[in-house]
Amino acid sequence: ARLDDGGRATAAALAHVARREGRDASALERLASPSSRASAPFAGRTALVTGAGPGSIAAAVVDGLLAGGARVIVTTSSYSEARLGTWKRRYQAVAAPGAELHIIPMNQGSMQDVDAAVKWVMARWTPDLLLPFAAMPEAADLTGLGGRSLASFRVLVLGVERLIARIAEGYRARSLGRGEDRQC
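Residues numbered from 1 in each chain as written. Predicted model: local features only at pLDDT ≥ 70, side-chain atom pairs only at ≥ 80, totals over all residues. Heavy atoms only, no water.

Chemist: A description of the pattern of salt bridges should follow, citing residues and the corresponding values.
Modeler: As a working rule, side chains carrying opposite charge can pair if their charged atoms are close by. Evaluated as defined, the whole model comprises 7 salt bridges. In this structure, Arg45 and Asp128 form a salt bridge, with 2.6 Å as the shortest nitrogen-oxygen distance. Separated by 83 residues along the polypeptide, Arg45 in the loop between α2 (26–32) and β1 (46–50) and Asp128 in the loop between α5 (111–122) and β4 (129–132) bring together distant segments of the chain. The residue Glu169 makes a salt bridge to Arg166 at a minimum N-O spacing of 3.0 Å. With Glu169 and Arg166 both in helix α6 (residues 147–177), this residue pair falls 3 residues apart, about one helical turn. We classify Arg166 as partly exposed; its relative accessible area is 23%. A single salt-bridge network, built from bridges that share partners, covers Asp115, Arg162, Arg166 and Glu169. (Salt bridge = Lys/Arg side-chain N within 4 Å of Asp/Glu carboxyl O. Helix = DSSP H or I, 4+ residues; strand = E, 2+ residues; numbered from the N terminus. Buried < 20%, exposed > 50% of the residue type's maximum accessible area, 1.4 Å probe, protein only.)

Here it is in structure tokens:
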């Protein structure tokens, strides 16, 4: 099978999860690392990943991207020495040569945080992979929506929409700066 980089990232993440659970991941590993790019299928790629808390699917995807040699920017709403230490250990365990990991603070429910994070990222790199994971527990139905429901909506919908819009604006500004006039 031939996969694009996004498919290989997914296969690498699923292979990591399978290995962690003691399952055979050989088929996924072959998909994640085709012979033409076996050593670093994501070298030269920049990924922005949100919602990569400990034990999350996003954290497993980050591991796969790092193992593939990508530059990965992870946002966290829990920016602390402990969280940075966790990411440092993960990086040391899985990163391929040339891979980079950058952890930045961002509360996806805060439009100011989203704007600041995108501004910081776009000033340094052009992400070509955007993986906006987010999760907040929500048990309310339509008759019981309250403050927690609104917070969940801000993170899961508005924050992701704002993130995508700001990245698109950054792409457009770069395109116009190079004399290109294309829609994002």
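From this point, the discussion proceeds with the structure in view.
Chemist: With reference to specific residues and values, describe the sheet that holds strand β2 (residues 71–76).
Modeler: Strand order across the open sheet formed by 4 strands is β3-β2-β1-β4, with parallel pairing between neighbours. Two strands bound the open sheet, and with one partner strand each, they are β3 (100–105) and β4. For this sheet, the mean inter-axis angle between neighbouring strands, taken without regard to orientation, is 15°. Relative to β2, β1 is paired through 4 bridges, and the arrangement is parallel. Paired with Thr46 across the two strands is Arg71, which belongs to β2. Of the strands in this sheet, β1, β2, β3 and β4 are in contact with helix α3 (residues 57–67), which crosses β1 at around 165°. Sitting on the sheet, helix α4 (residues 81–94) is in contact with β2 and β3, with an inclination near 165° to β3. (Pairing = 2+ DSSP bridges. Axes fitted to C-alpha atoms, helices over the stretch in contact; angles between N-to-C directions. Contact = heavy atoms within 4.5 Å.)

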